[in-house]
Amino acid sequence: MLDCIVIGAGPGGLVCTKELLEQGLDEVVCLEQTNNLGGVFANAYDGLVLTSSATISMFSDYWIGDGNQHRFWTKNEAVEYWRGYAKHFGVIDRIRFNSKVVAVIPQEDGDFEVQLASGETLVSKRIALAIGNNSIPKYPAWKDLLTDVECLHSKDYRNADRFVGKNVLTLGGGESGSDVALETSRVANNCWVSLRNAPGWLSPRTRNGISATDISTHRGIWGLPRDYGPAFTDAINRYELRQKNPVNDAVFQLNQKIKNKKGIWGTYATRSFSLAKAVAHHGCKVVGEIVKVEDGGKTLHTKDGEILKNIDAIVFSTGYKNHVSFLPEELKETDPRSLYKHMFHPKYRDKIAWIGWARPNLGSQFPIMEMQARFFALICKGEKTLPSPTEMERLTSFDRAIYLEQFEHTAHRIRSLVDYYRFMDDMVRLIGCEPPLRKYFFLNFPIWLTMVYGSYQGTQFRLKGPGNKESLAQEILKKLPVSNFNLIVKAGLKGRIIYTLKALVPKFGLVGSWSQKMSHSKRWLIDSH
């Protein structure tokens, strides 16, 4: 009898296996259907570069190597980091490669029978599902009408060699879609990108070619209320306009398409300027949603009334279905928003854990996977427990309502989308590993500065609480970069002034005069950038 079977040896499966072992669960096995670790990243397109820096992408207790803090890994570099991590923590020996799961069958006693394609059967007390939700491509309904053009999903895209000299339409404004649009526009005769409404919020990997911009994913700005989003968004838009170059102009125009009430905090990020470069430098044209197909796909009509003719090929970067073929029928198409913390089903509770089914709007998915794995391992050890099924459903409904309000139509379409800072904070509280900010402010100010104005990543959550490794965490935190005094820091400071004054207004009964001053303060925030 196994304590837990972890399905998938991508980053989520590796960190989950490691955390289970570290909590003393010895009977753990990780099943991987391919002959290599790395999951979907290992099999992604040739030019894949992670859109989060090594600083925020790293696992909390395994260093990335000096000098790599601002580096953005290629897919091969990311896989090598995960391989080193797995070797360091003894995970490699627990992986069974070429072990494809074909069925997970609940037993009457609460255990699970796991059937493999080889015919072998394993039995386990618990299952950790760490395959992510990037397995089964999702297409628009009109895809079946494409009988006379070449079409493929970004899951199967490797490079643009096949599109040299052709007329190509790409769909989707996320990170994969943007990379595909740029690579294709460089070699195609004509290239269009179709967007249903808008791309994700375009943000560069670096601003000066050196410093990673996600160092600014810090408490200084993320700790503010989400209704500060529009003012924050206007400040960034004005910055882009001041740069006076075609790429930044394209970024401004594309980001202007985003109409969410929370601005930058009301959508997901496309942490790449690839789409803007495709538009500015390679003649890629942005068109609306496709609403009509003619001539087997050779002629396409957009919602805006444009007609695209002589189409040769279409690349769909249109996301994936929430579908796992080997789960019990009632779980095959589980909505991540129906799961407690995007992890636990109210019926199966801690018997099945979904790891990596929470997609952050900004930040990085890897710290989220690690926090989920830490929480699950503590539950398996008996140090933490889940709420009652009724309370799980109540809290899940509460989270769902917040995200549907914050992300609006995008939340309905991308069911795994969460607010990175809020989700991480929730997991931190559940684990009980809140960093002692006040203590470090007085006793070790440089580390405090890193925790407040450095990337909101996992190492600070190793300073105290379950799974703490204080000495190692201090050593790593001393090496992590801190944001310079840039636009984001300034916007955060001004936002804190605004909300401090808002809090003082009712306290001192200065509603009339202060409301006018608050309005002036907001205009000053926007106009000063």
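Everything that follows concerns the structure shown earlier in this document.
Below or above, wherever it landed, is the structure these notes cover. Each residue is numbered by its place in its chain's sequence as written, counting from 1. Residue-level local features of this predicted model are given only where pLDDT is at least 70; pairs of side-chain atoms are given and counted only at 80 or more, and the full residue set underlies all totals for whole chains, interfaces and linings. The side-chain figures draw on all heavy atoms in the structure; neither hydrogens nor water molecules are used.

**Topic: the packing of helix α1 (residues 11-22) against helix α4 (residues 75-88)**
For the pair α1 and α4, interaxial distance at closest approach is 10 Å and the crossing angle is 15 degrees. Judged by the inter-axis angle, α1 sits roughly parallel to α4. Judged by the sense of rotation from one axis to the other, the crossing of α1 with α4 is left-handed. Residues Pro11, Leu14, Val15 and Lys18 of α1 form the contact with α4, whose participating residues are Trp82, Tyr85 and Ala86. Its residues assigned to classes, the contact of α1 with α4 shows 6 nonpolar, no polar and 1 charged. A fitted line through C-alpha atoms serves as each axis, taken over the contacting stretch for helices, and the angle formed by two N-to-C directions is quoted from 0 to 180°. Helix and strand definitions follow DSSP, with helices as H or I runs of at least four residues and strands as E runs of at least two, each counted in order from the N terminus. Here the angle decides the label: under 35 degrees means roughly parallel, over 145 means roughly antiparallel, 65 to 115 means roughly perpendicular, and every other value means oblique. In this scheme, a crossing is called left-handed if the near helix is turned counterclockwise away from the far one by less than a right angle; it is called right-handed if the turn is clockwise. In this description, contact between two residues means that some pair of their heavy atoms is separated by no more than 4.5 Å. Amino acids outside the nonpolar list (Ala, Val, Leu, Ile, Met, Phe, Trp, Tyr, Cys, Pro) and the charged list (Asp, Glu, Lys, Arg) are all regarded as polar, and Gly is one of them.

**Structural notes on the environment of Leu339**
With respect to the helices and strands, Leu339 occurs in the loop between β18 (320-321) and β19 (352-354). Only protein chains enter the accessibility calculation, which uses a 1.4 Å probe. A residue is then buried if its area is under 20% of the maximum for its type, exposed if over 50%, and partly exposed in between. By relative accessible area, which is 2% here, Leu339 ends up buried. Residues Leu339 and Ser325, spaced 14 residues apart in sequence, show a C-alpha to C-alpha distance of 18 Å. For Leu339, the contacting residues outside a window of four places in its chain are Thr334, Phe344, His345, Trp354 and Thr396.

**Regarding the environment of Gly173**
Relative to the assigned elements, Gly173 resides in the loop between β9 (167-171) and α5 (175-187). Residue Gly173 is classed as buried on the basis of its relative accessible area of 6%.

**Side note on the sheet that holds strand β8 (residues 150-153)**
Taken in spatial order, the 5 strands line up as β8-β17-β9-β10-β13 in an open sheet, and their pairing is parallel. Where the open sheet ends on each side, the last strands, each with one partner, are β8 and β13 (285-287). Here the average twist between neighbouring strands, direction ignored, is 20 degrees. A pair of strands is labelled paired if DSSP reports no fewer than 2 bridges between them. Where β9 lies against strand β10 (residues 190-194), 5 bridges are found, and the strand directions are parallel.

**Looking at the nonpolar core**
Leu20, Trp82, Tyr228, Phe344 and Phe376 are the most contacted members of the largest nonpolar core, which totals 127 residues. The element that contributes the greatest number of residues to this core is helix α10 (residues 365-381), accounting for 11 residues. For this analysis, a nonpolar core means a set of buried residues of the types Ala, Val, Leu, Ile, Met, Phe, Trp, Tyr and Cys, connected via side-chain atoms within 4.5 Å.

**Quick look at the sheet that holds strand β16 (residues 307-308)**
One open sheet holds the 3 strands; their spatial order is β14-β15-β16, and the pairing between them is antiparallel. Sheet topology places β14 (290-294) and β16 at the edges, where each strand pairs with a single neighbour.

**Side note on a nonpolar patch on the surface**
On the surface, a cluster of nonpolar side chains totalling about 470 Å² of accessible area is made up of Phe441, Phe442, Leu443 and Phe445. In this fold, Phe441 is placed in helix α14 (residues 437-443). Residues enter patches when their relative accessible area tops 30% and they take part in no salt bridge; the joining distance is 9 Å for like charges and 5 Å for the nonpolar side chains Val, Leu, Ile, Met, Phe, Trp and Tyr. The protein chains shown are the only cover counted for residues, whose accessible areas, like all others here, come from Shrake-Rupley with a 1.4 Å probe. Between Lys or Arg on one side and Asp or Glu on the other, a salt bridge is scored when a side-chain nitrogen of the former is within 4 Å of a carboxyl oxygen of the latter.

**Remarks on unusual backbone geometry**
The backbone of Asn98 sits at a positive phi, close to 55 degrees, despite the residue not being glycine. Looking at the element boundaries, Asn98 is found in the loop between β3 (95-96) and β4 (101-106).

**Some remarks on the pattern of salt bridges**
Evaluation of the coordinates by the stated rule reveals 34 salt bridges. In this structure, Glu175 engages Arg271 in a salt bridge whose closest nitrogen and oxygen atoms are separated by 2.9 Å. Here Arg271 lies in the loop between β12 (269-270) and α9 (274-282) and Glu175 lies in helix α5, a separation of 96 residues in the sequence. The exposure classification of Glu175 matches that of Arg271, with both residues buried. The shortest N-O distance in the salt bridge between Arg415 and Asp335 comes to 2.7 Å. Of this pair, Arg415 sits in the loop between α12 (409-413) and β21 (417-418) while Asp335 is found in the loop between β18 and β19, placing the two residues 80 residues apart along the sequence. Sharing partners across several salt bridges, the network here consists of Lys18, Glu19, Glu22, Asp61, Glu370, Arg462 and Lys469.

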